[in-house]
Structure formats: structure tokens, C-alpha cells
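# A closer look at the structure
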Amino acid sequence: MSAVLQSFEARLEPLVAERLEALLAIEQSAYSHPWTRGNFIDSLRAGYHCQTLVGPTPDGGEALIGYFVAMKGVDEVHLLNITVAPAYQRQGWATLMLEALAGWSRAQRANWLWLEVRASNQRAIDVYDSHGFRRVGVRKGYYPAAGVRREDAIVMSLRLDEPNSSWGRLS
């Protein structure tokens, strides 16, 4: 999949080991409790759907804009991690990746797309709300937080097989 957003061309590619260093740098800059190298390697080994969003740099190189990791279940897909590099946030890239994931999920015959999001991450919650995700529960103490504290996760889902839901259907 290739897309142009705000006059900037980007493409989704499968995550490969050669991109792990750049991905880990983004992960560590974006989160107080980032995933580890082992989390990503385990996801690749398990065969999870791991995609990177790559675009050109002004000097002719390539920039890693973002990435996501999703796990397919029987009739659902669980989004485990979606991240946009801080320099590219608030430009629509998360929406592009969510749309690509919803399209892939439908192609896998999934009826649902599930995720957890930190209760304090209002910006992400707003993105999910605006795309039809519904809040369906709370996981108490799900995420690590500062010190010995834990933070709740809001569980959200998107019904992919609703007849009047066009979100995620790429044309």
C-alpha cells in the first residue's frame, strides 16, 4: 500500500530485522514504558502482522514514520502496538495505518478489531473514537506507570462486519 498525505509519499512494508534499531529509537522516544527489542522479535517470530510506514527524507534517504503490530485471532484482530514517530505526529499517519489495518483485518475475515489504550492517552482515545471504536471495558492496572503504580487501560473495539460501516474499506 502506498499513500500520499500532505504532499509526502509513504508506503507500508513488513517489519524486517534491519529496521529494528530505527523502530526501537522511535519506541523509546514515544513512550515512558516502551516495548523492548524482545517484544518485537517475539512478535515477528510469532508471525504477527508487523508493518512499518516508510517515507523519503529530503536528502534522498528513507525515514521510518511509524509502525504497528497486530495479532490475528479466530474472528478478530488485536492491535498490540501502533506508533507514529514524534516528528510525524498529528499529520494523519495513525489514521492511515489504522485504515490499512482494518482493511487487512477484513481480508483475514475478522469481524472485530480490538485494542487497549492507556486511560491517560486522550489523544489516541480521540483518534479511535473518531474512527468508530467503542469503549467496551477497563483493564485495571494493565500498564506499568511511574514507580510501583499501574495505569488502567481502556478496552476498545471496532466492528468490521457492520453493513453500514465503510471505515477500513480501502477503495
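In this text, all values refer to a predicted model and were calculated from it rather than measured experimentally.

This part takes up the overall build of the protein. Helix and strand counts for the protein stand at four helices and eight strands. Helices (α) and strands (β) of the protein occur, in sequence order from the N terminus, as β-β-α-α-β-β-β-α-β-α-β-β. Computed over C-alpha atoms, the radius of gyration of the protein comes to 16 Å, within 12% of the 16 Å expected from 2.2 N^0.38 for 171 residues, which places it in the range of a compact globule. Each of the three principal axes of the protein carries a C-alpha extent, and together these read 45 × 45 × 30 Å. Out of the 171 residues belonging to the protein, those deemed buried represent 42%. In the protein, the proportion of contacts linking residues at least 24 apart, taken out of those at least 6 apart, comes to 57%.

Moving on to the packing of aromatic side chains. What the rule picks out here adds up to five aromatic pairs. Residues F40 and Y67 carry aromatic rings whose centres are separated by 5.8 Å and whose planes lie at 80 degrees to one another, so their mutual orientation is edge-to-face. Residue F40 is found in helix α2 (residues 37-45), and its partner Y67 is found in strand β4 (residues 62-72); the two are separated by 27 residues along the sequence. Y67 shares its class with F40; the two are buried. Ring plane angle 90 degrees and centroid distance 4.9 Å describe the contact between Y142 and Y143, whose orientation is recorded as edge-to-face.

By size, the foremost hydrophobic cluster in this structure holds 43 residues, and its most contacted members are F40, L53, L79, W93, V117 and Y128. Those residues in contact with L79, other than ones at most four positions away along the chain, are F68, V69, A70, L98, L101, L113, W114, L115 and Y128.

Our focus in this paragraph is the pattern of salt bridges. Pairs may arise between side chains of opposite charge once their charged atoms sit close together. One pass over the full model with this rule turns up ten salt bridges. Here E13 and R19 are joined by a salt bridge, their closest N and O atoms 2.9 Å apart. The shortest N-O distance in the salt bridge between D152 and K140 comes to 3.4 Å. Note that D152 is positioned in strand β8 (residues 150-159) and K140 in strand β7 (residues 134-144), a separation of twelve residues in sequence. Of the residues examined, D152 reaches a relative accessible area of 24% and is grouped as partly exposed. Each of R11, E13, R19 and E62 takes part in a single network of salt bridges with overlapping partners.

A word on the packing of helix α1 (residues 20-30) against α2. The N-to-C vectors of α1 and α2 enclose an angle of 125 degrees; their axes lie 10 Å apart at closest approach. Between α1 and α2, the crossing angle belongs to the class labelled oblique. Our pair here, α1 against α2, has a crossing hand that is right-handed. Mapping the contact onto sequence places L20, E21, L23, L24 and E27 in α1 and R37, F40 and I41 in α2. Looking at the contact of α1 with α2 residue by residue, the class counts come to five nonpolar, no polar and three charged.

Note that H131 resides in the loop between α4 (122-130) and β7. Judged by its relative accessible area of 15%, H131 falls in the buried class. From its side chain, H131 meets the backbone oxygen of V127 in a polar contact 2.9 Å long.

Helical geometry note: an α-helix holds 3.6 residues per turn, so side chains three or four residues apart project in the same direction. Among all positions in α1, only L20, L23, L24, I26 and E27 are buried. Buried residues of α1 fall within an arc of 160 degrees about the axis and therefore sit on the same side. Relative to its buried face, α1 has exposed residues pointing more than 90 degrees away, namely E21 and Q28. In this structure, the buried residues of α1 make contact with α2, β4 and β5 (76-84).

The rules behind each value
- Note that residues are indexed from 1 along each chain, following the sequence as it is written.
- Only residues with pLDDT of at least 70 get local features here, since the model is predicted, and only at 80 or more are side-chain atom pairs given and counted; chain-wide, interface and lining totals rely on the full set of residues.
- Just so you know, side-chain values use all the structure's heavy atoms and leave hydrogens and water out.
- Only DSSP runs of H or I covering at least 4 residues are called helices, and only runs of E covering at least 2 are called strands; the numbering of each starts at the N terminus.
- Here the radius of gyration uses the C-alpha set of atoms, whereas the globule reference equals 2.2 Å times the residue count to the power 0.38.
- Each residue is assigned to one of three classes by its accessible area relative to the maximum for its type, calculated with a 1.4 Å probe on protein chains only: buried under 20%, partly exposed between the two thresholds, exposed over 50%.
- When checking whether two residues touch, look at their non-hydrogen atoms; a contact exists if any pair is within 4.5 Å.
- A pair of aromatic rings is counted whenever rings of Phe, Tyr or Trp (Trp by its six-membered ring) have centres within 6.5 Å, and the orientation is called stacked for planes under 30 degrees apart, edge-to-face for over 60 and tilted otherwise.
- Here, the term nonpolar core denotes a set of buried Ala, Val, Leu, Ile, Met, Phe, Trp, Tyr and Cys residues that are joined through side-chain atoms within 4.5 Å.
- Salt bridges are identified by distance alone: a Lys or Arg side-chain nitrogen within 4 Å of an Asp or Glu carboxyl oxygen.
- Throughout, an axis means a line fitted to C-alpha atoms (over the contacting stretch in the case of helices), and angles, computed between N-to-C directions, take values from 0 to 180 degrees.
- For classification, angles of less than 35 degrees are called roughly parallel, those exceeding 145 degrees roughly antiparallel, those between 65 and 115 degrees roughly perpendicular, and all remaining angles oblique.
- We call a crossing left-handed when the near helix sits turned anticlockwise from the far one by less than a right angle, and right-handed when that turn is clockwise.
- Throughout, the ten residues Ala, Val, Leu, Ile, Met, Phe, Trp, Tyr, Cys and Pro are labelled nonpolar, Asp, Glu, Lys and Arg are labelled charged, and all others, Gly among them, are labelled polar.
- Nitrogen and oxygen atoms within 3.5 Å of one another constitute a polar contact, given that in protein one can donate a hydrogen and the other can accept it, and given that sequence-neighbouring residues count only through two side-chain atoms.
- Working definition: the arc comes from the directions between the helix axis and the C-beta atoms, pointing outward to the latter.

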